[in-house]
Amino acid sequence: MKRGQKLKLVNPSTSEIFRELPYHSWEEVKAQLKTAGQVQKEWKHSSINSRTQLVQNAMDYFRDNSESISRDITLQMGKPISQSKNELKGMIHRSEICCELTENALKDISLPERDGLKRFIKREPLGVVLDIAAWNYPLLIAVNVIVPAVLAGNAVVIKHSSLTPLCAIAFEEAFKHAGAPEGLVTALIMDHNTTEKAIQSGFIHHVAFTGSVKGGRRVQRSASSQFIDVGLELGGKDPVYIRGDANLNSAVSGVMDGVFYNAGQSCCAVERIYVHHFLFDEFVDGAIEFMNNLKIGDPMDDSADMGPMAQETGIKIVENQLKDAADKGAKTLTHPGPIPEGENYILPAILTIVNHDMEIMMEETFGPIVGIMAVKSD
């Protein structure tokens, strides 16, 4: 990475650069990692009450700044503003639950006495946790690591996706506002090579990564020489099966929301649908109606159900899967539109007459299209 190079943040709705952030140099990263390690040695001796109070105070910062933080999410990755606000609320709720669970989760595990010895397993913090967080739910995915790690007595370094670094900065600011010691929660702007150096530096004691299978392999390789644990949440092809006795109205609304929410860019998105043949035609009709009623528009509009996709690479995957399916005989049913002008806006689609020779049914899509297949039985 060249000195002075900056990360450019692009609004996917307009394709305009709205912010530039300088990358941290390796020397800066190394200094921050050392600081995190030093502060963690003190933090691990803190009480459970002080840790939970710190997290609760950090969540107050998110409440007080909810409008600007939600807006930043939408500007960075195109999530409709109503969904960004819901994500922030969900993140605060998840943090509160973690605080409630902390004391019981961290208590010693008692073992039966033997030969007059009292035996127990004591839980100890790992040290410095590196959180490599994904862009699609930039608060919820990050908080899954940050808050439990802090509550367990660790320091956290956040390397957020290059699409959503402002969310990492928001976490750092929130914990500073809450009174955290300097270095307990740190946001770093790093390219891939610097991130690998950080993992291999000896200053990191656990890596949590959410992202692609390709990215997960790279993280795993980087950590393999360090004897540290790596947590990987990677891509998949989540299926739904609609049984012959299903409540059709409930099934259509719940499943199709799982397909199109956040433009299908969800770790837990519905990626393929199997329907008992008794209900197939009715389910498809309901699914098409659901899709056609989606309002695709400016993500800053509170009424928008779907905004642009976050990045061009995701659009290419969708386009390639649509072509592959069409070439192999699938029937494509497309949202009637209109959609705003802009490179990252696409029409949602439902595909029928699909099979397992098609990428749409076998490879992760991460976009607002889905294949629906009839099956004979459970």
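Q: Any details on the overall build of the protein? Residues and values, ideally.
A: Helix and strand content of the protein: 12 helices and 14 strands. Its C-alpha radius of gyration of 23 Å places the protein within 12% of the 21 Å reference for a compact globule of 378 residues. If you line up the protein on its principal axes, its C-alpha atoms span 65 × 60 × 40 Å. Of the roughly 18,400 Å² of accessible surface on the protein, 49% is carried by carbon and sulfur atoms. Positive and negative side-chain charges of the protein, numbering 38 and 48 respectively, have mean locations separated by a distance of 8 Å.

Q: Which residues make up the pattern of salt bridges, and what are the values?
A: Evaluated as defined, the whole model comprises 15 salt bridges. Between D60 and R63 there is a salt bridge, with the nearest N and O atoms lying 2.8 Å from each other. Of this pair, D60 and R63 both sit in helix α2 (residues 48-64), separated by three residues, roughly a single helical turn. The class for D60 is partly exposed, based on a relative accessible area of 34%. In this structure, a network of salt bridges that share partners links the residues D60, R63 and E96.

Q: Explain unusual backbone geometry to me, and be specific about the residues and the numbers.
A: G337 connects to P338 through a cis peptide bond whose omega is 0 degrees. Note that P338 resides in the loop between β12 (331-334) and β13 (349-352). Here D115, not a glycine, exhibits a phi torsion of approximately 50 degrees, which is positive. Inspection of the secondary structure puts D115 in the loop between β3 (109-114) and β4 (117-121).

Q: Tell me what's going on with helix α7 (residues 192-199), and back it up with residues and numbers.
A: All of the buried residues in α7 are T194, T195, A198 and I199. The buried residues of α7 occupy an angular sector of 145 degrees when projected down its axis, which confines them to one face. Residues of α7 that are buried in the fold lie against α1 (26-43), β5 (128-133), β6 (155-160), β8 (206-210) and α8 (213-223). Put simply, D191 is the residue that caps the front of α7, since its side-chain oxygen is 3.4 Å from the backbone nitrogen of N193.

Q: Tell me about a nonpolar patch on the surface, and please be specific about residues and values.
A: Taken together, the side chains of I109, L111 and I121 make up a nonpolar region of the molecular surface, amounting to roughly 220 Å² of accessible area. Examined against the element boundaries, L111 turns out to sit in strand β3. Residue classification places L111 among the partly exposed residues on the basis of a relative accessible area of 34%.

Q: Which residues make up the sheet that holds strand β10 (residues 239-242), and what are the values?
A: One open sheet accounts for five strands, arranged β10-β11-β14-β13-β12; its pairing is mixed. Looking at the sheet topology across the chains shown, the edges are occupied by β10 and β12. Adjacent strand axes in the sheet meet at a mean angle of 25 degrees, parallel and antiparallel pairs treated alike. Looking at chain direction, β10 and strand β11 (residues 272-276) are connected through four bridges and run parallel. Counterpart to Y241 in the pairing with β11 is Y274.

Q: Report on the environment of Q226, specifying residues and quantitative values.
A: Among the structural elements, Q226 can be located in the loop between α8 and β9 (229-233). Judged by relative accessible area, which is 24%, Q226 ranks as partly exposed. With 25 residues separating them in the primary sequence, Q226 and S201 have C-alpha atoms 8.5 Å apart. When sequence neighbours within four positions are dropped, the list of residues in contact with Q226 reads I199, Q200 and G202. A distance of 3.3 Å separates the side chain of Q226 from the side chain of S225, its partner in a polar contact.

Q: Quick one: what's the story with the sheet that holds β5, residue by residue and with numbers?
A: Across a sheet, paired strands are connected by hydrogen bonds in the backbone, their directions being either parallel or antiparallel. Strand order in this open sheet of five strands is β7-β6-β5-β8-β9, and the pairing throughout is parallel. Looking at which strands have only one partner, the edges of the open sheet turn out to be β7 (185-187) and β9. Recorded for the sheet is a direction-independent mean angle of 15 degrees between the axes of neighbouring strands. Judged from the six bridges that link them, β5 and β6 form a sheet pairing that is parallel. Bridging across to β6, V128 finds its partner in A155. With respect to the sheet, helix α6 (residues 165-178) is in contact with β6 and β7, its orientation differing from that of β7 by roughly 150 degrees. Packed onto the sheet, α7 meets β5, β6 and β8 and runs at close to 155 degrees relative to β5.

Q: Could you give an account of the nonpolar core, naming the residues involved and the relevant values?
A: Counting 66 residues, the largest nonpolar core has F62, M91, L139, V150, F171 and F175 as its most contacted members. Per-element tally for this core: the top contributor is helix α5 (residues 140-151), with 10 residues. Non-local contacts of V150, meaning those with residues more than four positions away in its chain, are made with W43, R51, L54, V55, V156, F175, L184 and V185. Counting 24 residues, the second largest nonpolar core, distinct from the first, contains V275, F280, I288 and I350.

Q: Go over helix α10 (residues 280-292), please, and point to the residues and values.
A: Here α10 is 13 residues long and its end C-alpha atoms lie 18 Å apart, about the 18 Å a rise of 1.5 Å per residue gives. Along α10, the residues classified as buried are F280, F283, V284, G286, A287, I288 and M291. On its buried face, α10 sits against β10, α9 (248-260), β11, β12, β13 and β14 (369-375).

The rules behind each value
- Residues numbered from 1 in each chain as written.
- Predicted model: local features only at pLDDT ≥ 70, side-chain atom pairs only at ≥ 80, totals over all residues.
- Heavy atoms only, no water.
- Helix = DSSP H or I, 4+ residues; strand = E, 2+ residues; numbered from the N terminus.
- Rg over C-alpha atoms; globule rule 2.2 N^0.38 Å.
- Areas by Shrake-Rupley, 256 points an atom, 1.4 Å probe, with all protein chains shown as cover.
- Lys, Arg positive; Asp, Glu negative; His and termini not counted.
- Charge placed at Lys NZ, Arg CZ, Asp CG, Glu CD.
- Salt bridge = Lys/Arg side-chain N within 4 Å of Asp/Glu carboxyl O.
- Buried < 20%, exposed > 50% of the residue type's maximum accessible area, 1.4 Å probe, protein only.
- Arc of directions from axis to C-beta.
- Contact = heavy atoms within 4.5 Å.
- Polar contact = N/O pair within 3.5 Å; in protein donor to acceptor, adjacent residues only side chain to side chain.
- Patch = residues over 30% accessible without salt bridge, like charges linked within 9 Å, V, L, I, M, F, W, Y side chains within 5 Å.
- Pairing = 2+ DSSP bridges.
- Axes fitted to C-alpha atoms, helices over the stretch in contact; angles between N-to-C directions.
- Core = buried A, V, L, I, M, F, W, Y, C linked by side-chain atoms within 4.5 Å.
- Expected span 1.5 Å × (residues − 1).

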